[in-house]
Amino acid sequence: MRYGMVIDLKRCIGCYGCQIICKSENATPPGILWSRLLFYESGSYPNVRKIHLPLLCMHCKDPACVDTCPTGATAKRQDGIVTIDNTKCMGCKSCVIACPYRARSFHGEESEYFPGQGLTPYERVGYRKHPTGLVEKCDFCLSRIQEGLEPACVTGCMAKARYFGDLDDPDSEVSKLIRDYCGFQIYPELGTDPSVYYIL
Amino acid sequence: MVLPEIRVSPVIQKEWGWPLALAVFLGGLGGGLFLLSELLYLHRGMVLGIISMCLSVVFLVLDLGQRPRFWRVFFKPRTSWLSRGAIFLTGAVVFGILYVAPSYISGLPWKAGTALEYIMGLIAGIFAFLVILYTGFLLSASRFIPIWNTLFLPIQFAIYAFLGGIDAIFIIEALGWISVDVEIFAPIAAALLIATLVLLGIYLAIMFSTRMGAKEGASLLMRGKLSPLFIWGVFVVGLVIPIVIDLLIIFLFPNLATIIPRTLLGISATLTLIGSFLYRFTLLKAGVYYPRI
């Protein structure tokens, strides 16, 4: 069992919906994005393309962050999801330095979305999951998976560009997509074997 | 199928800053000073080395987001350099204290000159040497920051650590805290300074000619916003001026026991230590990630 995701870049319209729904689902504090969108231009004049690349934790098969974590707070589960144990992390930030996909954020101090107006009721409840002084990242919406649901960014993508499933199951939708549409990982040469694939 | 080349601005690490630079600097300095003082049997030098390593631990802890959980750092020495470093620092400090304790506290089960004291000294020395090595490997183990991910770093950090040890001995000798024949060390310090200058030049030349990330990091050091600190602080103040002073002392003062050369050596040593810290600090700040993402 290895959970993974496939993102269809032809379907992705760069609407930031994944970023917003991730914030809504996980109540991430200001400045912290578990799911983000990278925009860049490719090619040279007159053949220029604008690329939007959705990024999240790649839940690598050989994650660099797990090895570098001195406390054992970062660990890879049997189902391939890389998690951070909030009770073990001491906020040394070495995993942030080690991650090649910039998927981790250090939550230094509590800040509010509406400066000077205090935390909203939503923030007060949501921030219980985000203690300060720790590193955090996407966990493929683990609590939703445990309830039999898909990650929020998958269900919330209005272009239906995201697919989630078991990469080890050859009959799963994600495995078929990777096989049929030549799915690729970004920067596979880094040797971490990401569980997030893209199709073009 | 591959993605078109990602073209975004360089991403510089912001997670590690001056507390870690100080921790790495003080760890190397403490390790070098302890090891040299142990070889020369300079008790005050060893004590200062231990204090420096203790301060290194303090700054490592200060850099944590959850300081009360610092004890968890010892759990993963198999794969984590931070974990290894914490164990080396603790070992060097604990066995260092046990080694020097009989000189200051009477009635301990082990006495100065006994086999037990010798063994403790040996273990403390090994740990101090490992502290010197870990400071470089902590950064060079970062695979995705190419300017750090090179064997040059542990070598340079080790040279800086021994240089720091010699410099600290010069300073405390100039202050009159210890009595040591500095004539042996002046040429060694000059040679290490020149070796550092040459290595740093080779390192930067290689970084400029290699992968993305390393080149941008080196550009930040030599042409970017870090260049005043790096060129003036590390190169001029920390290397060139001390080399000139050390060579002048060696060639102009055959007798180093007089006040002028000793004071000059103290000044040169202080400048080198400033440069040594700035080297760590600027290098941390020049950590550009590869890939850019």
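This text gives an overview of the structure that appears in the document. (Residues numbered from 1 in each chain as written. Chains lettered and ligands numbered in written order. Predicted model: local features only at pLDDT ≥ 70, side-chain atom pairs only at ≥ 80, totals over all residues.)

Now for the interface of chain B and chain A. The interface is formed by 32 residues belonging to chain B together with 38 residues belonging to chain A. A class-by-class count of the residues in the side of chain B that touches chain A yields 18 nonpolar, seven polar and seven charged. (Contact = placed C-beta atoms within 7 Å. Nonpolar A, V, L, I, M, F, W, Y, C, P; charged D, E, K, R; others polar.)

This part takes up unusual backbone geometry. In this structure, the amide linkage connecting A:Tyr45 to the following residue, A:Pro46, adopts the cis form with an omega of 5 degrees. Residue position: A:Pro46 is located in the loop between strand S2 (35-44) and strand S3 (47-56). Going from B:Tyr290 to B:Pro291, the amide bond is cis rather than trans, its omega being 5 degrees. We note that A:Tyr187 has phi near 50 degrees; this positive angle belongs to a residue other than glycine. Take A:Tyr187: it is sitting in the loop between helix H7 (173-180) and strand S9 (196-199). Looking at A:Tyr187, the number of C-beta atoms within 10 Å reads 17, which means it is partly exposed. (Helix = DSSP H or I, 4+ residues; strand = E, 2+ residues; numbered from the N terminus. Buried ≥ 20, exposed ≤ 12 C-beta atoms within 10 Å, placed from the backbone.)

Whenever strands of a sheet pair, they do so through backbone hydrogen bonds, lying parallel or antiparallel. Residue and element names in this part refer to chain A. Read across the sheet, three strands follow the order S8-S1-S9 without closing on themselves; strand pairing throughout is mixed. The open sheet has two free edges, formed respectively by strand S8 (162-166) and S9, since each of these has just one partner strand. Taking the axes of each pair of neighbouring strands and ignoring which way they run, one obtains an average angle of 25 degrees across the sheet. As defined by bridge partners, strand S1 (residues 3-8) adjoins S8 across five bridges and the pair is classed as antiparallel. Bridge pairing in S8 places Met-5 opposite Phe-164. The sheet contacts of H7 involve S1, S8 and S9, and relative to S8 the element is tilted by about 115 degrees. (Pairing = 2+ DSSP bridges. Axes fitted to C-alpha atoms, helices over the stretch in contact; angles between N-to-C directions.)

Bear in mind that shape data such as this cannot, by itself, settle questions of function.
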